[in-house]
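# Structural overview
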Amino acid sequence: MNEVFDLMEKSKIIPVTTIADEECAAPLARALFEGGIKIIEITYRTAAASKAISAVSANCPEILAGAGTVTEISQAKEAIACGAKFIVSPGTNMEIVDYCKERGIAVIPGVATPTEIARAVLEGCEVLKFFPAELFGGPDFLDAMHGPFPQTKFIPTGGISAQNAPLYLKKQNVLAVGGSWLVKKEFIDARNWSAITSEAKKASAIARA
C-alpha cells in the first residue's frame, strides 16, 4: 500500500481516464509511459472499465493501474480481481474502504468538507481525494485544512488542468493531482497515442518543476 502512495508522490500527476473500448487500454497506457507517466486511473464510468484494467495489468506491468469512480463494493471487488492496485472513490464509502484495507489495497476515498475529512481520518485513511477540487475552494481550501489535519495528504481532482496543477502541487498537503487533460476523449477516440504521449511529457515536466 505504501509503495503505491510513494509512486503517486513521485509521479505527482495521475491521469484519470474513461475508456469505452478496452482495446484502447494497453496502447493508451504505453503512450503515457513513453511520456514519462507510470500510473493510470481507469474510471468506472463505462462498461469496459474492468476489461480495460485487466488489459493494462496483463500487458503493461510497468504501469501502475488503478480504478476510479468506484461507488459500489461490487466494483471494488471486480477491479481488484482484474488487477487494480488502488481504488479511488468520489466519496467515502466505508464498506469499500474496509474491503480494500483488509486486502492491503491502497484506497483513496473522496472528501469535500472538514467533516468528511475527519470521518475518513478516524477510519485510518491518510490519503484522500479532494473532489471536486475547483468547485470546493481549490488551493485555498487545502491551506485551511493543513492546520487541523497536518498529517493528511490530498489528491485534488476535478477541474485540474496543466495551468492550475502547479498551484496545487506547491501545497505541503498535496500528494499528487488527478487530471483528465492528458487523456482527452478525442485523443482516445482517434487513437491519437502520440498526442497523449506529448501531453504526458508536458505533465512530467510540470511534476519535475
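In the block above lies the structure referred to throughout.
Residues numbered from 1 in each chain as written. Predicted model: local features only at pLDDT ≥ 70, side-chain atom pairs only at ≥ 80, totals over all residues. Heavy atoms only, no water.

## What about the nonpolar core?
Grouped burial of nonpolar side chains is what soluble globular proteins tend to show. In this structure, Met8, Val56 and Ile87 are the most contacted members of the largest nonpolar core, which totals 78 residues. Top contributing element to this core by residue count: helix α2 (residues 25-34), with six residues. Dropping the residues within four chain positions of it, Met8 is found in contact with Ile14, Ile39, Phe86, Ile108, Ile155, Leu175 and Ala176. (Core = buried A, V, L, I, M, F, W, Y, C linked by side-chain atoms within 4.5 Å. Buried < 20%, exposed > 50% of the residue type's maximum accessible area, 1.4 Å probe, protein only. Helix = DSSP H or I, 4+ residues; strand = E, 2+ residues; numbered from the N terminus. Contact = heavy atoms within 4.5 Å.)

## Some words on the layout of surface pockets
Summary: where empty space remains is shown by rolling a probe the size of a single water molecule over the atoms. By volume, the largest pocket is sized at about 400 Å³. Every residue lining the largest pocket is counted, 28 residues in all, and those nearest its centre are Val16, Thr17, Thr18, Arg45 and Ser180. Contributing elements (two or more residues each) for the lining of the largest pocket: β1 (13-17), β2 (39-43), β9 (177-179) and α9 (185-189). Examining the composition of the lining of the largest pocket, we find that three residues originate from one element, α9, more than from any other. Each residue belonging to the lining of the largest pocket can be placed in one class, and the counts come to nine nonpolar, 11 polar and eight charged. The computed volume of the second largest pocket comes to approximately 160 Å³. What lines the second largest pocket is Met1, Asn2, Phe5, Asp6, Lys101, Val107, Gly124, Cys125, Glu126, Val127 and Leu175. Of all the elements, helix α1 (residues 2-11) adds the most residues to the lining of the second largest pocket, at three residues. Residues of the lining of the second largest pocket, tallied by class, amount to six nonpolar, two polar and three charged. (1 Å grid on protein atoms, 1.4 Å probe; cavity = no way out; pocket = protein on both sides within 12 Å on 5 of 7 lines; lining within 4 Å. Points joined across faces, edges and corners; volume = space filled by probe spheres on them. Nonpolar A, V, L, I, M, F, W, Y, C, P; charged D, E, K, R; others polar.)

## Topic: empty space enclosed by the protein
The final tally for this structure, using the stated rule, is one cavity of 30 Å³ or more. Estimated volume of the largest cavity: approximately 50 Å³. Forming the boundary of the largest cavity are Ile14, Glu41, Val88, Ile108, Lys129, Ile155, Thr157 and Gly178. Residue composition of the lining of the largest cavity, grouped by class: four nonpolar, two polar and two charged.

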